[in-house]
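# Structural characterization, general
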Amino acid sequence: MNKRIIKTAVMMLAVILCLSLAACSFFGLDNQSDIIGIDGADGKSAYQIWLDNGFSGSEVDFLNWLQGSDGANGNDGQNGQNGQNGQNAEALDIEQIYNAYLSIYPNLTFEEFLDKFTVVNYAETNLTDAEYAVFKGIQSAISVYSTFTRRTTRPGQSSEYSAGGAGVVYKIQGNDAYIITNYHMIYDRDSTTTNGIAKTIEVYSFGHENTENSITAEFLGGSMTKDIAVIKVSVSDFASAVKAVSIADSNGLSLGEKVIAIGNPTAAGISATSGIVSVDSEEIQMEALDSASKSIVLRVIRTDAPINQGNSGGGLFNGRGELIGIVNAKTIQSGVENMGYAIPVNVAVGIADCVIENDSKKCVLGIEVKAASASTQYDIAQSRVEIVETVTVENITSGSLADGKLQKNDKLISASLNDGESLMLTRLFYLSDFLYKARPNDILKLEVERSGAIITIEITLTNSFNPI
């Protein structure tokens, strides 16, 4: 990287608050109880996951099936049932269990299997959850440097500067690696380029920031109003250690949950800070990127993890090293400390997929919703606090997809696409985030309560996609 002045980016908000743009070892598999008790990411055992996918029978039946059912002698289980009368069944290794899972998840890679169905034994690795989160998250962390030529107040003159921030490797397809970062990292309204995008965008993987071998990235698209951008590089240019990030569900965040922020503060290279989820979802108002006279509202996660200039575009990770948000801002105000913000990963990934798969467009139903009521639930078993809102239709745009389908005061219960898994609409923002997954001609099903009756509304999604 050429030595030049680098301005580290952290989004600044000056409306009400002053905010700144920011910015494996397994459990043993040598006995039956270990096999039955492998925990998935959602806390279910392997046996329970099998039940969810159509298996019927007891845990013993399940274990027998995994081990070949028939015991050592193979006579329909008559002599070798459970290995009790014949030779004990051999212990299964991790690859045998993976091969068994392929019968249900035929496209599951071995790495995805490890992420989905195993947990780290920190006692054996000597790692804390924070250390493991950094170890895993840093493999997808990227330093991002954007160079701009900017117009000055003097006619015919311009100046050049670079902005330093971060990004996260979201997806690797073929020879392409897609990186998510902040829009404000690669855009300047005073840039001399026609679209305001940086003249050049260079990226470095962890540990390579001080080398001269920068990787040139291509801007693909994004959402200026959501502050998410997608850039692309060639996989062959990356170090072999770089991996696509593991994605969590930001709808499942808990207040007080441990988080790790990984970014490029002061453009000095990738580093990590830790904290907790202070607020799982809130809205902040900030200056629009393309106009000093306009403002936008962003839905964000608040964290007390230290966020510094240069953290922009970097990942916010949970204790399992899964991405839960893209860091983009912090509050700068006298008397205020440790108020940093990240765009929820469901929004960031939804936008990224729209850029990569759907010409940077998102489905718009044409409705406004409100929270008619809200309650707080305390799940003692899961040690979490959950806000549950009653979501109702407030307004419907004439001529929109929802016009003639939904009515004011309809209570929205659940949504699904193409008969897929239903999402319970228990928060105000769930439906809007869900629609990032919609594609032209998909069929959206909404379960609605109207006048005390539960009905299902079907809407075919045509001519309903606007720029993100």
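Going by the structure above, here's the rest.
Residues numbered from 1 in each chain as written. Predicted model: local features only at pLDDT ≥ 70, side-chain atom pairs only at ≥ 80, totals over all residues. Heavy atoms only, no water.

## Brief notes about the overall build of the protein
A count of helical and extended segments in the protein gives ten helices and 24 strands. Looking at the protein as a whole, 48% of its 468 residues are labelled buried. Total accessible area on the protein is roughly 22100 Å²; 46% of this is exposed by carbon and sulfur atoms. (Helix = DSSP H or I, 4+ residues; strand = E, 2+ residues; numbered from the N terminus. Buried < 20%, exposed > 50% of the residue type's maximum accessible area, 1.4 Å probe, protein only. Areas by Shrake-Rupley, 256 points an atom, 1.4 Å probe, with all protein chains shown as cover.)

## Examining helix α7 (residues 129-137)
Listed as buried for α7 are Ala130, Tyr132, Ala133, Lys136 and Gly137. One side of α7 holds all its buried residues, which, seen down the axis, span an arc of 165 degrees. (Arc of directions from axis to C-beta.)

## A word on unusual backbone geometry
Of note in the backbone geometry, Asp359 takes a positive phi value of approximately 55 degrees without being a glycine. Following the sequence through the fold, Asp359 ends up in the loop between α9 (345-357) and β17 (361-363). The exposure class assigned to Asp359 is exposed, which follows from its relative accessible area of 61%. Even without being a glycine, Asn441 presents a positive backbone phi close to 75 degrees. Position of Asn441 relative to the elements: it lies in the loop between α10 (430-434) and β22 (443-450).

## Let's talk about the pattern of salt bridges
Should their charged atoms come close, side chains of opposite charge can pair. By the definition in use, this model includes 19 salt bridges. Linking Glu357 and Arg439 is a salt bridge whose minimum nitrogen-to-oxygen distance equals 3.0 Å. Here Glu357, found in helix α9, pairs with Arg439, found in the loop between α10 and β22; they are 82 residues apart in sequence, far enough to count as distant. On the accessibility criterion, Arg439 (16% relative accessible area) is buried. The salt bridge involving Asp419 is made with Lys445; its shortest N-O contact spans 2.6 Å. With Asp419 in the loop between β20 (411-417) and β21 (423-424) and Lys445 in strand β22, this pair connects stretches of sequence that are 26 residues apart. By relative accessible area, which is 58% here, Asp419 ends up exposed. Connected via shared salt-bridge partners are Lys171, Asp353, Glu357 and Arg439. (Salt bridge = Lys/Arg side-chain N within 4 Å of Asp/Glu carboxyl O.)

## Focus on the environment of Ile260
Mapping Ile260 onto the fold places it in strand β11 (residues 258-263). Given the relative accessible area of 2%, Ile260 is considered buried. C-alpha separation for the pair Ile260 and Pro306, spaced 46 residues apart in sequence, amounts to 9.4 Å. Apart from the residues within four sequence positions on either side, Ile260 is in contact with Ala130, Ala133, Val134, Ala272, Thr273, Ser274, Gly315, Leu316 and Phe317. (Contact = heavy atoms within 4.5 Å.)

## Brief notes about the pairing of β11
For β11, the buried fraction is high: five of the six residues fall into the buried class. Strand direction decides the pairing type here: β11 and strand β12 (residues 271-287), joined by six bridges, are antiparallel. From the neighbouring strand, Lys258 faces β12, where its bridge partner is Ile276. Pairing geometry for β11 and strand β14 (residues 315-318), over four bridges, is antiparallel. Paired with Val259 across the bridge in β14 is Asn318. (Pairing = 2+ DSSP bridges.)

## Side note on α9
Across its 13 residues, α9 extends 17 Å between first and last C-alpha, which sits within 8% of the 18 Å expected from 1.5 Å per residue. A large share of α9 lies buried, amounting to ten of its 13 residues. Among the residues making up α9, those that are buried are Val345, Val347, Ala348, Val349, Gly350, Ile351, Ala352, Asp353, Cys354 and Val355. In the stretch just after α9, Asp359 is the one whose phi turns positive, near 55 degrees. (Expected span 1.5 Å × (residues − 1).)

## Some points on the nonpolar core
Counting residues in hydrophobic clusters, the biggest one holds 34 residues, and the most contacted among them are Ile179, Ile186, Val203, Val233 and Phe238. Contributing elements (two or more residues each) for this core: β4 (141-151), β5 (158-173), β6 (176-181), α8 (183-186), β7 (200-205), β10 (228-234), β12 and β13 (295-303). Contact partners of Ile179, with chain neighbours within four places excluded, come to Ile142, Gly167, Val168, Val169, Tyr170, Val203, Ala229, Val230, Ile231, Val233 and Phe238. By size, the runner-up hydrophobic cluster in this structure holds 28 residues, among which are Tyr178, Val245, Val347 and Cys354. (Core = buried A, V, L, I, M, F, W, Y, C linked by side-chain atoms within 4.5 Å.)

## Things to note about the packing of aromatic side chains
In total, this model carries six aromatic pairs according to the counting rule given. Considering the side-chain rings of Tyr145 and Tyr204, the 5.7 Å spacing of their centres and the 85 degrees angle between planes classify their relative orientation as edge-to-face. On the criterion of sequence distance, the pair formed by Tyr145 in strand β4 and Tyr204 in strand β7 is long-range, its members being 59 residues apart. A relative accessible area of 1% places Tyr145 in the buried class. Through successive ring pairs, a cluster of aromatic residues spans Tyr183, Tyr187 and Phe219. Taking the ring centre of Phe429 as reference, the NZ or CZ of Arg299 above it sits at 3.6 Å. (Phe/Tyr/Trp six-rings, centres within 6.5 Å; stacked < 30°, edge-to-face > 60°. Lys NZ or Arg CZ within 6 Å of the ring centre and 35° of its normal.)

These figures come from the coordinates and say nothing about function on their own.
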